[in-house]
Amino acid sequence: MYRITMETIDYLDAEEEDGEEGNDLVYKTFVTKYMKQNRPVIINNYIQHHWKCFETFRKKNGNINIEYLLQKFKDIKQVPVVQSSSSYDNNTTNMTFREFIKLIKSSSFNNETNNNSQKDDKKNNSFYYYLKDWHYCIECKKNNIKCEYNTPIYFENDWLNEWWNKKGHANISSTIINEEEKKKKNTTRTTTKTIEEEESQSDYKFLYLGLKNSYTPLHHDIFLSYSWSGQIQGRKKWYLYPPNQTKHLIDIHGTVARTGIWNDLSKDEQIKYPGIQTNVHPIIIIQYPNQLIFIPSGWYHEVYNIDETSLSINHNWFNQYNLPMVWNHLKNEWKDTIKAICDLKDIMDPISFQNECLKLMNRNTGINIVEFQQMLSWRINKQQVKVEEEVGEEADNSKSNFTSTTLNVNEIEVVENIITEIYELLLL
Ligand SMILES: O=C(O)CCC(=O)C(=O)O
């Protein structure tokens, strides 16, 4: 038995609307009590009223609608699938959506006949297939398929995906220009995308489809961003570790424990992470379909799919409220990158060395500090343009003046200070 934590999670109900303006009350509570204070929360009843996929991806009895998914994704050539085993070695392979569904069908048949518990499955050394980190929106766009969901209003203030979206658009228009140029010049220039072009079509919006006992090991989210996850079908079991417990989940060499669940650790691991037994008290949550979960910045978590199948959508994102944490993390990544290749410093000129560091950080972290600076400048600029446009319009007093997307003076100052700090870090 694992100890029950003293901390619990709060619940909000999206149905408690505040008049015709939508979920204002719930939205304000979410921003002030959870997003700003970096606390987890579950939001009930948003999904069923706003996501079409809650109806189409499920059958009337609540089971997953495999036939519908197969038809919808019949042209999808590649989905990333993780095979997790009892040894916790995770291998990602690519397959077609149809191939993955075949696996689901055969594995769920085995699960039914064996009716194994999670512990027995581990002993049997079974594999659990997990389609995860699938860039669902990008694939839908590429294949002209409807996503059938929207970003819930609570999580719309999202600088990360806005930026990637903008980059994607810029890239699409540059591709069109290239095509035009090609026609004009009648060249046979290849249209194969460069790595940079491929990367600029990325985002942080994912679909997850897993079989019973598939899981995501202990981690914090990329760049210490926030994440949200909306459950469409099946249940997930979450273990959330508040940031003040992080030090017990990391050994003296900085290696993160495989799991924070003490009795799932081997004897050797228990010796390496003694603090887990005494000082780690996760918040344990069962997430049901129709629930959104908000995971705050820097909270380690591990997630287990506990029903036959589990289907969810999640995004990573950040905004003014977790920006200081994200920046602190990226600054450390920058320093670590410089340290990692400091041997090259003496044999390269300063500009080439800096460029090499930027490239390496991009490869390892998914972003470098120059791009981060561009993103912040763009965000501030965007707000200024909006304010200028609004000055020309008549004030609309009927609108709520509470909007978490508009930066106040202090928040703008924080962003500007980070932009300056990056300039200083880049001075040669
Ligand atoms: O659903 C999962 O398996 C992992 C999701 C997750 O880690 C997240 O949303 O941050």
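Residues numbered from 1 in each chain as written. Predicted model: local features only at pLDDT ≥ 70, side-chain atom pairs only at ≥ 80, totals over all residues.

**Looking at the overall build of the protein chain**
Move 1: When you go through the protein chain residue by residue, the secondary structure sums to 15 helices and 13 strands.
Move 2: Counting across all 428 residues of the protein chain, residues that qualify as buried make up 31%.
Move 3: Considering only contacts in the protein chain between residues 6 or more positions apart, those separated by 24 or more positions represent 80%. (Helix = DSSP H or I, 4+ residues; strand = E, 2+ residues; numbered from the N terminus. Buried ≥ 20, exposed ≤ 12 C-beta atoms within 10 Å, placed from the backbone. Contact = placed C-beta atoms within 7 Å.)

**Quick notes on the packing of helix α12 (residues 323-340) against helix α15 (residues 409-426)**
Move 1: Running from N to C, α12 and α15 cross one another at 5°; their axes reach a closest spacing of 11 Å. On the basis of their axis angle, the class for α12 and α15 is roughly parallel. The residues of α15 that touch α12, namely those facing L323, P324, W327 and W334, are V414, V415, I418 and L425.
Move 2: Residue composition of the contact of α12 with α15, grouped by class: eight nonpolar, no polar and no charged. (Axes fitted to C-alpha atoms, helices over the stretch in contact; angles between N-to-C directions. Parallel < 35°, antiparallel > 145°, perpendicular 65-115°, else oblique. Nonpolar A, V, L, I, M, F, W, Y, C, P; charged D, E, K, R; others polar.)

**Section: the site of the ligand**
Move 1: Lining the immediate surroundings of the ligand are Y208, T216, D221, S227, S229, K236, I295, H301, V303, S312 and N314.
Move 2: Going through the elements one at a time, β8 (226-233), β12 (300-305) and β13 (309-317) are the ones with two or more residues in the shell around the ligand.
Move 3: Looking at the shell around the ligand, its residues break down into three nonpolar, six polar and two charged. (Near = placed C-beta within 6 Å.)

**Considering the nonpolar core**
Move 1: Counting residues in hydrophobic clusters, the biggest one holds 84 residues, and the most contacted among them are F30, L131 and F294.
Move 2: Beyond its immediate sequence surroundings of up to four residues, F30 is in contact with L12, M35, V41 and Y154. (Core = buried A, V, L, I, M, F, W, Y, C linked by C-beta atoms within 7 Å.)

**Topic: the packing of α12 against helix α13 (residues 350-365)**
Move 1: Close contact between α12 and α13 brings their axes to 9 Å; oriented N to C, the two are set at 120°. The angle between α12 and α13 falls in the class oblique. Relative to α13, α12 is oriented so that their crossing is right-handed. On α13, the residues that touch E333, W334, T337 and I338 of α12 are C357, L360, M361, N364 and T365.
Move 2: The residue inventory of the contact of α12 with α13, partitioned by class, reads five nonpolar, three polar and one charged. (Left-handed = near helix turned anticlockwise from the far one by under 90°.)

**Let's talk about the sheet that holds strand β10 (residues 283-287)**
Move 1: The sheet built from four strands is open, its strands ordered β7-β12-β9-β10 with antiparallel pairing. Of all strands in the sheet, those with a lone pairing partner are β7 (215-219) and β10, marking the two edges. Averaged over all adjacent pairs, the angle separating strand axes in this sheet is 15°, with direction ignored.
Move 2: Examined bridge by bridge, strand β9 (residues 236-241) and β12 share six bridges and lie antiparallel to one another. (Pairing = 2+ DSSP bridges.)

**What about α12?**
Two residues of an α-helix separated by three or four positions point the same way, owing to the 3.6 residues in each turn.
Move 1: Under the 1.5 Å per step criterion, the end-to-end length of α12 is 25 Å for 18 residues, consistent within 8% with the ideal 26 Å.
Move 2: Those residues of α12 that fall on the buried side of the exposure criterion are V326, W327, L330, W334 and T337. Within α12, the buried residues cover an arc of 95° as seen down the axis, which keeps them to one side. For α12, the exposed residues set more than 90 degrees away from the buried face come down to N332, K335 and K339. (Expected span 1.5 Å × (residues − 1). Arc of directions from axis to C-beta.)

**A few points about the environment of T405**
Move 1: If you trace the backbone, T405 turns up in the loop between α14 (369-391) and α15.
Move 2: For T405, a count of 14 C-beta atoms within 10 Å translates into the label partly exposed.
Move 3: A sequence separation of 249 residues divides T405 from E156, and the C-alpha atoms of the two residues are 8.3 Å apart.

**Quick word on the pairing of β8**
Move 1: Summarising burial for β8: eight of the eight residues are buried, a large majority.
Move 2: Two strands pair when backbone bridges link them, and β8 and β13 are joined in this way by seven bridges, in the antiparallel orientation. Opposite G230, over in β13, you have I313 as the bridge partner.
Move 3: With four bridges joining them, β8 and strand β11 (residues 291-295) adopt antiparallel strand pairing. What sits directly across from W228, in β11, is F294.

**Focus on unusual backbone geometry**
Move 1: Phi angles above zero are rare outside glycine, and N38 is one such case at about 55°.
Move 2: Along the polypeptide, N38 turns up in the loop between α1 (24-35) and β2 (41-44).
Move 3: Of the residues examined, N38 has 17 C-beta atoms within 10 Å and is grouped as partly exposed.
Move 4: Unusually for a residue other than glycine, N213 sits at a positive phi of about 75°.
Move 5: In this fold, N213 is placed in the loop between β6 (205-211) and β7.

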